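An overview of the molecular structure
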Amino acid sequence: MIKGDVLYANCRCFEGKPESHYAEAVSIREALSQTKAAIDSREGSNDPDLQLCSSLSQGPPRPQLRANAQAFLDAHNNARAKVGVLPLKWSAILESNTSLVFQNQSGLRSCSFAKLSGTTYGVNLIWTTGPLVSPQEAVTSWVAANKYYNFAHNSCLSGQQCGGYTQVVWNESLELGCAQGLCADSALTICIYNPPGNTVGEKPY
């Protein structure tokens, strides 16, 4: 059970244009470029391997969630199996990039909600004033919106948000990477999907 204040968001953006269930909050490109700038400032390095954004990092990934990666993956794939969708694969590169987004949010923005526009990734987020949620709790909270989703009409009950659920089970999404951590008085969990889901006018499966 998730304790404290909780905010959820899902976005699917293409060429910087939000397509559905968009949440106001720092573009992933901005987040990654800000993190790179901080690294360059500290190390005085212009190494092209630090170009971490639009092409996915050329350097070796630096996973931050080795202990939790399987838990995130299992929770996603259990939900996907229930609707007959093939399992996701864990991406160390997506995990590394997602970790950089979290570092930017925690270091510069006090874990405030991330505005992940300007990317071709799909994104799910949870921000809470309570303790850090487990991977299972995070995915369960997104999947819980399935009770509001009408598959026949590909619609969501008025006043509800189903984008978190539909991204989890989106058939064309193949890879997953997640990161999470604590700030002074809040916690943030971010999952990134490639290719993104929630294409307007299309069903998730």
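Keep in mind the model is a prediction, meaning the values are calculated, not measured. (Residues numbered from 1 in each chain as written. Predicted model: local features only at pLDDT ≥ 70, side-chain atom pairs only at ≥ 80, totals over all residues. Heavy atoms only, no water.)

Core analysis: the biggest nonpolar cluster contains 21 residues, and Trp142, Val168, Leu176, Cys191 and Tyr193 have the highest contact counts within it. Broken down by secondary-structure element, the contributors of at least two residues to this core are helix H2 (66-82), helix H4 (135-143), helix H5 (163-168), strand E7 (175-182) and strand E8 (187-194). With 9 residues, the next largest nonpolar core counts Val101, Phe102, Tyr121 and Val123 among its residues. (Core = buried A, V, L, I, M, F, W, Y, C linked by side-chain atoms within 4.5 Å. Buried < 20%, exposed > 50% of the residue type's maximum accessible area, 1.4 Å probe, protein only. Helix = DSSP H or I, 4+ residues; strand = E, 2+ residues; numbered from the N terminus.)

Within strand E4 (residues 122-128), 6 of the 7 residues are buried, which leaves the element mostly enclosed by the surrounding structure. Alignment of E4 against E8, held across 7 bridges, turns out to be antiparallel. Its bridge partner lying in E8, valine 123 is registered against isoleucine 192. (Pairing = 2+ DSSP bridges.)

The subject of this paragraph is the state of the cysteines. A covalent bond between the sulfur atoms of two cysteines is referred to as a disulfide. Counted according to the given criterion, the structure contains 2 disulfides. Disulfide partner of cysteine 156: cysteine 162, at an S-S distance of 2.0 Å. Linking cysteine 156 and cysteine 162, the disulfide has an S-S dihedral of approximately 75° and is accordingly described as right-handed. Taking relative accessible area as the criterion, cysteine 156 reaches 26% and is therefore assigned partly exposed. (Disulfide = S-S within 2.5 Å.)

This model, assessed by the stated rule, comprises 3 aromatic pairs. Measuring from ring centre to ring centre gives 6.5 Å for tyrosine 149 and phenylalanine 151, while their planes differ by 70°; the resulting arrangement is edge-to-face. Ring centres 4.8 Å apart and planes at 15° place the aromatic pair phenylalanine 151 and tyrosine 205 in the stacked group. Here tyrosine 205 lies in the segment after E8 and phenylalanine 151 lies in the loop between strand E5 (149-150) and strand E6 (155-156), a separation of 54 residues in the sequence. (Phe/Tyr/Trp six-rings, centres within 6.5 Å; stacked < 30°, edge-to-face > 60°.)

In this model, the protein carries a mean pLDDT of 75, and residues with pLDDT of at least 70 account for 61%. Here residues 13-29 is a poorly scored stretch, pLDDT under 50, and it has 62 contacts once near neighbours within four places are set aside; other chains count. Considering only residues more than four positions removed or in separate chains, one finds that residues 42-65, a stretch of pLDDT under 50, has 42 contacts. (pLDDT = per-residue confidence, 0-100. Contact = heavy atoms within 4.5 Å.)

Right, let's talk about the environment of lysine 147 for a bit. Of note, lysine 147 is situated in the loop between H4 and E5. The spacing of lysine 147 and tyrosine 165 is 18 residues in sequence and 9.6 Å in space, taken between C-alpha atoms.

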